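Okay, here's what each chain looks like letter by letter:
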Amino acid sequence: MKLFAMKKVRKMIAGVAVAGLLLSVSGCGSTASAPASGSGSAQSGTIGTAKIGVVSFLTGGGAAYGKAIKQGLEMAKEEVNTQGKVKIDLLFEDSRGEKNEAINAANKLVNKDNVVAIIGPTLSGEMFAVGPIMNQAGVPIMGTSTTAEGITDIGEYVFRNALPESLAIPAAVKKAKEKYNLKKVALMYSNNNDFTVSGYKTFEKAVKDNGLEIVTTETFADKDVDFSAQLTKIASLKPDAVMVSSLYQEGALILKKAREIGIKVPFVGGNGFNSPQLIKIAGPAAEGAIVASPWFPNKEDAAVKKFVSDYKAKYNEIPDQFAAQAYDALKIMATALEKAGSTTDRKKLRDSLAAIKDFQGVTGKFAFDAKRNPVMSATVLIVKDGQFSELK
Amino acid sequence: MDFILNPYYLQIGMFIMINAILGVSIYLTLATGQLSLGNAGFMSIGAYTSALLTLKAGFPVYLAIPIGGFAAAAVSAVIGFPALRLKGLYLAIATLGFGEVVRVVFLNLKITNGALGLSGIPSLGILLGKALSSAGFDQGMGGLSVQQLSNVSVLLILLILVVFLVFFSLRLSRCRVGRAFAAIKTDETAAEAMGINTTYYKLLAFLLGAFIAGVAGALAAHITFYIGPKDFDYHRTVEILLFAVLGGSNLVWGPILGATLLTMLPEVLRAASDYRMMIYGAILVTMMAFRPQGLISEETLRFWKAKLGRRKEHDLNS
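How each quantity is defined
Counting starts from 1 at the beginning of each chain's written sequence and moves along it residue by residue. Naming scheme: in the order in which they are written, chains are lettered from A and ligands are numbered from 1. Owing to the predicted nature of the model, reporting of local features is limited to residues with pLDDT of at least 70; listing and counting of side-chain atom pairs is limited to 80 or more, with chain, interface and lining totals taken over all residues. To count as a nonpolar core, a set of buried Ala, Val, Leu, Ile, Met, Phe, Trp, Tyr and Cys residues must be joined through C-beta atoms within 7 Å. Residues are called buried when their C-beta atom has 20 or more other C-beta atoms within 10 Å, exposed when it has 12 or fewer, and partly exposed otherwise; all C-beta atoms are positioned from the backbone. In this description, any two residues whose backbone-derived C-beta atoms lie within 7 Å of each other are considered to be in contact. Criterion used throughout: strands pair if DSSP finds at least two bridges between them. A helix here means a DSSP run of H or I that spans at least four residues, while a strand means a run of E at least two residues long, and both kinds are numbered starting from the N terminus. Throughout, an axis means a line fitted to C-alpha atoms (over the contacting stretch in the case of helices), and angles, computed between N-to-C directions, take values from 0 to 180 degrees. To estimate the expected span of a helix, subtract one from its residue number and multiply by 1.5 Å. Under this scheme an angle from 65 to 115 degrees is roughly perpendicular, one under 35 degrees roughly parallel, and one over 145 degrees roughly antiparallel; angles in between are oblique. Polar here means any residue other than Ala, Val, Leu, Ile, Met, Phe, Trp, Tyr, Cys and Pro, which are nonpolar, and Asp, Glu, Lys and Arg, which are charged; Gly is therefore polar. Along the chain, pLDDT gives the predictor's confidence residue by residue, from 0 to 100. Reported domain spans reflect what an automatic or database domain assignment gives. Note: crossing handedness is left-handed where the near helix turns anticlockwise from the far helix by less than a right angle, and right-handed where it turns clockwise.

Caption draft 1: View of the nonpolar core. Counting 217 residues, the largest nonpolar core has Ala106, Leu330 and Met333 of chain A together with Ile21 of chain B as its most contacted members. Not counting residues up to four positions away in its chain, the partners in contact with isoleucine 21 of chain B are Leu161, Val162, Leu165, Ile212, Val215 and Ala216 of chain B.

If you want it as structure tokens, here you go:
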């Protein structure tokens, strides 16, 4: 039996810890720009400055979402502050996509900075942890990207303006069926991500509701890069279309591989497909990918055109769905604050948020239903010539 | 007073306590020189067991939490026998693998709701709040609201648990079992030659560690309303290990200090916004470079005892 000295154990522990550290730090590319400075002096005719807290995924693996959300919110803030009756001061806190961090961030904003409402967090899982605490404390909280089922069941202070997948996916499936006369389809989804699993369940239901036959259901995991096994099987079954619930990284790689092995049928994606990055990574393989989205940057609409050009001028990129929904969320907040006539009363703000109707945002006409979910319509998009365009 | 009663600080306090409990759990396995990285796995077993019992079977929370601990301990007994035949890095790899297996199992089970996780778990704070209201304190007590009162009580319960665990570990290190742990840690072969049943003591440490991790997981589930497989991945394991590495693993105070510092650090650094995690990482790397044995070791304790003792003498003389 070999001797096992204490020193060796200690060195080993340190080694494992350092390795872990490096792993976790490497995922933390910080991307967000300088924090917003709140210019909030109350002018005559205004009702003062409202402090709104934002909990977002600003560093780590999902920082791209957090960055888009932050930029969308800052655009909206500037516009509200120059035009509106109410001034808004935004306070950003990072959640790193972890629920404990999100709880701490929200608690800090509410109990230390005394914000009137919270926008965020980014992930549905975070909302399930933060929502009940905010609901108990009586702070209105609005998710801009929390699409999972059951979010607003948490309580009457929990809102969202993210189009739930239960609205978007059926629209895409229905349109694709009409357009391509689908009979049998294959399903694919990432099984280790709450968002994509929820999307898959919606796909399954929508496919059944439309009377389509499911030839196979294939699963993979986030960060997978090889999909040949699943796609070869799908190719042999010859479906009329493939429905994919994944994030854009995997979605793009699936499209690439599928076209490579000769699957020519249309691909219908969940919300993850709804990103310019999908086209960027997949290139020509993205042609024919279908997704339903509340946000369509090339829409013939004055507000949308202005938003896109302003955003492009400021950040030198086309706003994605996360930016657009965050932009609308803050505008909705501002409208509700104006109606509530107070920048500090959380109960009044909740009531006037719940009463929001006929709000015209860049993601279309918007209202909250009785359960504080959004009532809005989705546009079905298809990738054509390297761009999203409306599928008519 | 307002400062302490701020729900933000109370919440951080709760996370510190839970992490301190996890720190004790890794301390106990390290006390026999076994590097086990399965704590996140045991934590998730405790968390899921307790959450499912309360959500689906209607168990009361105070019963479900210890059952979560026992479930983790039961699994650890099954894993422990074969795994503890391995030594050093091999044990670390095996237990790390075990943690991942547990996570993947939870990810694919129907009853755990897969990657969507379990939401709406009954919360300790809200349950206590209800109990307080029905006990006639619905207007609060001593100028505190019910919410504050329930948060303070949860924190107190956790604190009592941590104090008990520290007391338990300190007593353990002075009794027969603790001495056997120390002997195995220093030299397993020599310990065996001295007639110590090493398998028994290693398994005992492993079981205790798993039980405490399971209880910590169950408590975490009932404090955060929601658990998903993502909460118990490899990063969680490394975080728990870091409590012991940063604080020092020779004394129970080490992991507790480590847990406290590492839970507070990200919050203290919030002011640095984007650079937060970079600074966090830099601090840890610096720590590893300058104090690889951890912040608290036997020497530190001796040093301070001597220093404080001298001061007392000095005070007496002057």
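Having seen the model, we can carry on.
Caption draft 2: Region of interest: the sheet that holds strand β1 (residues 49-56) of chain A. Residue and element names in this part refer to chain A. Pairing is parallel in the open sheet, where five strands are placed in the order β2-β1-β3-β4-β5. Each edge of the open sheet carries a strand with a single partner, namely β2 (87-94) and β5 (158-160). Going from strand to strand, the sheet's axes swing by 25 degrees on average, the running direction of each strand aside. Here β1 pairs with strand β3 (residues 117-119) via three bridges, running parallel. When the sheet's bridge partners are listed, valine 54 is paired in β3 with isoleucine 119. Lying on the sheet, helix α4 (residues 124-137) is in contact with β1, β3, β4 (141-143) and β5; it crosses β4 at an angle near 160 degrees.

Caption draft 3: Structural context of helix α7 (residues 146-173) of chain B. Residue and element names in this part refer to chain B. With 28 residues, α7 ought to run about 40 Å at 1.5 Å a step, and its terminal C-alpha atoms sit 40 Å apart, in line with that. Of the residues making up α7, those classed as buried are Leu149, Ser150, Asn151, Val154, Leu155, Leu158, Val162, Leu165 and Ser169. On the buried face of α7, the contacting elements are α2 (7-30), α6 (124-137) and α10 (198-224).

Caption draft 4: Fine view of the packing of α2 of chain B against helix α11 (residues 234-247) of chain B. Residue and element names in this part refer to chain B. Viewed as axis vectors pointing N to C, α2 and α11 meet at an angle of 75 degrees, and their least axial separation amounts to 9 Å. Judged on the interaxial angle alone, α11 and α2 are roughly perpendicular. Residues Asn19, Leu22, Gly23, Ile26, Tyr27 and Leu30 of α2 form the contact with α11, whose own contacting residues are Ile240, Leu241, Phe243 and Ala244. Its residues assigned to classes, the contact of α2 with α11 comprises eight nonpolar, two polar and no charged.

Caption draft 5: Representation of the sheet that holds strand β10 (residues 289-293) of chain A. Residue and element names in this part refer to chain A. Spatially, seven strands are ordered β7-β6-β8-β9-β10-β14-β15 in an open sheet, and the strand pairing comes out mixed. Edge strands, defined here as strands with exactly one partner in the open sheet, are β7 (213-220) and β15 (387-390). Put simply, the sheet's adjacent strands are angled 25 degrees from each other on average, direction ignored. Bridging between β10 and strand β14 (residues 379-384) involves four bridges; their strand directions are antiparallel. Looking at β14, one finds that alanine 292 is bridged to valine 380. Helix α5 (residues 165-180) contacts β8 (241-245), β9 (267-269), β10 and β14 of the sheet and is inclined by roughly 140 degrees relative to β10.

Caption draft 6: Representation of the environment of lysine 314 of chain A in the model. Residues and elements named next belong to chain A. In this fold, lysine 314 is placed in helix α10 (residues 302-315). Under the C-beta neighbour-count criterion, lysine 314 is labelled partly exposed, with 13 such atoms within 10 Å. For the pair lysine 314 and methionine 75, spaced 239 residues apart in sequence, the C-alpha separation works out to 8.7 Å.

Caption draft 7: Structural detail: the confidence of the model for chain B. In the predicted model, chain B carries a mean pLDDT of 89, and the fraction of residues at 70 or more is 95%. Across the predicted assembly, pTM comes out at 0.84 and ipTM at 0.87.

Caption draft 8: Representation of the domain arrangement of chain A in the model. Residue and element names in this part refer to chain A. Each domain of chain A was delimited in the assignment, giving domain 1 (49-162 + 301-376) and domain 2 (166-293). For domain 1 versus domain 2, the distance between C-alpha centres works out to 29 Å. Between domain 1 and domain 2, the contact holds eight residues from the first and nine residues from the second. The class makeup of the residues in the side of domain 1 that touches domain 2 is two nonpolar, four polar and two charged.

Caption draft 9: Local environment of the pairing of β2 of chain A. Residue and element names in this part refer to chain A. For β2, a buried count of eight out of eight residues is recorded, marking the element as mostly surrounded by other parts of the structure. Here β2 shows a buried face lined by Lys87, Asp89, Leu91 and Glu93 and a second buried face lined by Ile88, Leu90, Phe92 and Asp94. In the sheet, β1 pairs with β2 via eight bridges, with the strands oriented parallel. Of the residues in β2, the one forming a bridge with valine 55 is glutamate 93.

Caption draft 10: Region of interest: the packing of α6 of chain B against α7 of chain B. Residues and elements named next belong to chain B. Their axes nearest at 8 Å, the elements α6 and α7 cross at an angle of 120 degrees. Accordingly, the angle class assigned to the pair α6 and α7 is oblique. The handedness of the crossing between α6 and α7 comes out as right-handed. For the pair α6 and α7, the contacting residues are Leu124, Gly125, Leu128, Gly129, Leu132, Ser133 and Phe137 in the first and Val146, Gln147, Leu149, Ser150, Asn151, Ser153 and Val154 in the second. Tallied by class, residues from the contact of α6 with α7 come to seven nonpolar, seven polar and no charged.

Caption draft 11: The arrangement of helix α8 (residues 248-260) of chain A in detail. All names here are of chain A. For α8, built from 13 residues, the straight-helix expectation of 18 Å at 1.5 Å per residue is met to within 8% by its first-to-last C-alpha distance of 18 Å. Of the residues making up α8, those classed as buried are Tyr248, Glu250, Gly251, Ala252, Ile254, Leu255 and Ala258. Of the residues trailing α8, glycine 262 is marked for its positive phi of about 90 degrees.

Caption draft 12: Spatial organisation of the environment of valine 185 of chain A. All names here are of chain A. Within the secondary structure, valine 185 is located in strand β6 (residues 184-190). Under the C-beta neighbour-count criterion, valine 185 is labelled buried, with 26 such atoms within 10 Å. Measuring from C-alpha to C-alpha, the distance between valine 185 and serine 145 comes to 28 Å, with 40 residues separating the pair along the chain. Discounting residues that sit within four places of it in the chain, valine 185 has contacts with Val207, Leu212, Ile214, Val215, Pro239, Asp240, Ala241, Val242 and Met243.

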